[in-house]
Amino acid sequence: MSDIDTKDMSFEAALSELEKLVQELERGQLDLDEAISAYERGTALKELCRQKLADAQMRVEKLSVNAAGEPRVEPFDPAR
């Protein structure tokens, strides 16, 4: 297992490591302690990927208010 802290990982690196962990777990060749460690690491990587995707979505969307004063989300248009 990698001991690299997830906070410094890119989305691509986290996803790649997560895919490798899933493959290892699916093969069923890890002992119990290794499987638990892989699962815990995978959970942290999944959360990192989820957060990075949410952050990216916020960068490409903007919040606005319609004429009725209700909030809505619109795609970000840098030309506006």
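Right above here is the structure, for reference.
Residues numbered from 1 in each chain as written. Predicted model: local features only at pLDDT ≥ 70, side-chain atom pairs only at ≥ 80, totals over all residues. Heavy atoms only, no water.

**Student:** I'd like a rundown of the environment of Arg50, residues and numbers included.
**Tutor:** One can find Arg50 in helix 2 (residues 32–59). We classify Arg50 as partly exposed; its relative accessible area is 40%. Residues Arg50 and Phe11, 39 residues apart in the sequence, show an inter-C-alpha distance of 9.0 Å. (Helix = DSSP H or I, 4+ residues; strand = E, 2+ residues; numbered from the N terminus. Buried < 20%, exposed > 50% of the residue type's maximum accessible area, 1.4 Å probe, protein only.)

**Student:** Would you mind going over the pattern of salt bridges in detail, with residue names and values included?
**Tutor:** Applying the stated criterion across every chain yields a total of two salt bridges. We note a salt bridge from Glu17 to Arg41, for which the minimum N-O separation is 2.8 Å. You can see Glu17 sitting in helix 1 (residues 11–27) and its partner Arg41 sitting in helix 2, a full 24 residues away along the chain. Each member of the pair, Glu17 as well as Arg41, carries the same accessibility label: buried. The salt bridge partner of Glu47 is Arg50, with a shortest N-O separation of 2.6 Å. Taken together, the residues span about one helical turn, with Glu47 and Arg50 both in helix 2 at a distance of three residues. Residue classification places Glu47 among the partly exposed positions, given a relative accessible area of 36%. (Salt bridge = Lys/Arg side-chain N within 4 Å of Asp/Glu carboxyl O.)

**Student:** Now, about helix 1: what can you tell me, with residues and values included?
**Tutor:** Compared with the 24 Å implied by 1.5 Å per residue over 17 residues, the 24 Å span of helix 1 between its first and last C-alpha is a close match. Among the residues making up helix 1, those that are buried are Ala14, Glu17, Leu18 and Leu21. Projected onto a plane normal to the axis of helix 1, the buried residues spread over an arc of 105 degrees and lie on a single side. Summarising the geometry of helix 1, the exposed residues directed more than 90 degrees from the buried face are Glu12, Lys20, Glu26 and Arg27. (Expected span 1.5 Å × (residues − 1). Arc of directions from axis to C-beta.)

**Student:** Residue-level account of the nonpolar core, with values.
**Tutor:** Ranked by size, the top nonpolar core spans eight residues in total: Met9, Ala14, Leu18, Leu21, Ala38, Leu45, Leu48 and Cys49. Looking at this core, the elements that each hand over two or more residues are helix 1 and helix 2. A per-element tally of this core places helix 2 first, with four residues. (Core = buried A, V, L, I, M, F, W, Y, C linked by side-chain atoms within 4.5 Å.)

Interpretation in functional terms is not warranted from these geometric data alone.
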